[in-house]
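# What the coordinates show
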Amino acid sequence: MSERLVVLHSRDSAYDLQNRNANYFSSQHRNSDISSYTEILRFLRKREFVVIRIGEYEFNDCSESELFSRIPKLPKFEVDLINAYMASECSLFLGCNSGALMMPTIWNRPIFLLNFLPYDSLRQYASRSMSVPKLLCINGKILDAAVIFDNGYHKFDLDSQYKAKGIDIKNNCGDDCLEDFHESFSAFVDGDEALQAELR
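Before going into details, it helps to say that this report is about the structure given with it. Computed from a predicted structure; not experimentally measured.

## Quick notes on the overall build of the chain
Counting secondary structure elements, the chain contains eight helices and nine strands. Evaluated residue by residue, the chain yields a buried proportion of 46% over its 200 residues. Look at the contacts in the chain between residues 6 or more apart in sequence, and 58% of them connect residues 24 or more apart. Here the chain displays about 10700 Å² of accessible surface, and carbon together with sulfur accounts for 49% of that area.

## Describing the pairing of strand β4 (residues 92–95)
A two-sided burial pattern is seen for β4, the buried positions comprising Leu-92 and Leu-94 on one face and Phe-93 and Gly-95 on the other. Two strands pair when backbone bridges link them, and strand β1 (residues 5–8) and β4 are joined in this way by three bridges, in the parallel orientation. Of the residues in β4, the one forming a bridge with Val-6 is Leu-92. By the bridge criterion, three bridges tie β4 to strand β5 (residues 111–116) in an arrangement that is parallel. What sits directly across from Phe-93, in β5, is Ile-111.

## Let's talk about the packing of aromatic side chains
Overall, the coordinates contain eight aromatic pairs when judged by the stated rule. Consider the rings of Phe-43 and Phe-181, whose centres lie 5.6 Å apart with planes at 85°: the pair is edge-to-face. Of this pair, Phe-43 sits in helix α2 (residues 38–46) while Phe-181 sits in helix α7 (residues 174–188), and the two are 138 residues apart along the sequence. For the pair shown, Phe-43 and Phe-181 are each scored as buried. Measuring from ring centre to ring centre gives 5.5 Å for Tyr-153 and Phe-156, while their planes differ by 55°; the resulting arrangement is tilted. As far as the burial class goes, Tyr-153 and Phe-156 line up, both buried. Clustering of aromatic rings is evident, with ring pairs tying together Phe-43, Phe-49, Phe-112, Phe-181 and Phe-185. A cation over a ring is seen here: Arg-4 above Phe-49, with NZ or CZ 4.2 Å from the ring centre.

## Concerning the sheet that holds strand β3 (residues 69–70)
An order of β3-β2-β1-β4-β5-β6 is seen for the six strands of this open sheet, with the pairing classed as parallel. Two strands close off the open sheet at either side, each with one partner strand: β3 and β6 (129–133). Sheet strands in contact with α2 are β1, β2 (50–53), β4 and β5, and its direction is about 160° off that of β4.

## Considerations on the nonpolar core
Membership of the largest hydrophobic core comes to 25 residues, with the highest contact counts inside it found for Val-7, Ile-54, Phe-93, Leu-136 and Tyr-153. Those elements that provide at least two residues to this core are β1, α3 (76–89) and β5. Top contributing element to this core by residue count: β5, with three residues. Grouped together as the second largest cluster of nonpolar side chains are 23 residues, Phe-43, Phe-49, Leu-67 and Cys-177 included.

## Points about the side chain of Thr-105
Tracing the sequence through the fold places Thr-105 in helix α4 (residues 102–106). From its side chain, Thr-105 meets the backbone oxygen of Leu-101 in a polar contact 2.8 Å long. With residues up to four places along the chain from it excluded, the contact list for Thr-105 reads Ile-111, Tyr-125 and Ala-126.

## Comments concerning the sheet that holds strand β7 (residues 135–138)
What the three strands build is an open sheet, ordered β8-β7-β9; its pairing is antiparallel. Each end of this open sheet is capped by a strand with a single partner; those strands are β8 (141–142) and β9 (168–170).

## Focus: the side chain of His-9
In this fold, His-9 is placed in the loop between β1 and α1 (14–18). Judged by its relative accessible area of 9%, His-9 falls in the buried class. Leaving out residues up to four positions away in the same chain, His-9 has contacts with Tyr-37, Ile-54, Gly-55, Phe-93, Leu-94, Gly-95, Cys-96, Ser-98 and Ala-100.

Criteria and thresholds
- Residues numbered from 1 in each chain as written.
- Predicted model: local features only at pLDDT ≥ 70, side-chain atom pairs only at ≥ 80, totals over all residues.
- Heavy atoms only, no water.
- Helix = DSSP H or I, 4+ residues; strand = E, 2+ residues; numbered from the N terminus.
- Buried < 20%, exposed > 50% of the residue type's maximum accessible area, 1.4 Å probe, protein only.
- Contact = heavy atoms within 4.5 Å.
- Areas by Shrake-Rupley, 256 points an atom, 1.4 Å probe, with all protein chains shown as cover.
- Pairing = 2+ DSSP bridges.
- Phe/Tyr/Trp six-rings, centres within 6.5 Å; stacked < 30°, edge-to-face > 60°.
- Lys NZ or Arg CZ within 6 Å of the ring centre and 35° of its normal.
- Axes fitted to C-alpha atoms, helices over the stretch in contact; angles between N-to-C directions.
- Core = buried A, V, L, I, M, F, W, Y, C linked by side-chain atoms within 4.5 Å.
- Polar contact = N/O pair within 3.5 Å; in protein donor to acceptor, adjacent residues only side chain to side chain.

Structure, rendered in structure tokens:
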């Protein structure tokens, strides 16, 4: 089973709200749109992978939910154990910038992160990982990497910092990131060593 298991964590504000976490007021930029994973999930289904979504979530459910399974309602301690076990054994962790990311990182599982912020944390500790950042825009114009790094926007980790500079944050569509995902999947899941060397 673990050879065909993908763990999905698409962050929204449900966890912060339920736990009265201060991140609810400062870290909305880290949230992810579950629908942006649709094309990737379709690819995984064609490859006969089982995708299980973990975490607390409410606000960004999608009509394509038949593309993944969910953990049933269980006591929190049991759910946490299941999440940790799956993250340690999965073929791939698919997610964004969230606390759940630390679990596959510990066991150095392959990781693909979509719509990630801040830019300063794009390079993960896990050697078998790839991150695609969100788009930053000012007055409708997408900012290139030089502008983002020259102005220090890559270090922004609070919603208020983006707002103060008039920066709009946009998610990539799943279609836009399929080529990146295929490359990451070939390298770190299929085990293409030549491609792994290029990506490192």
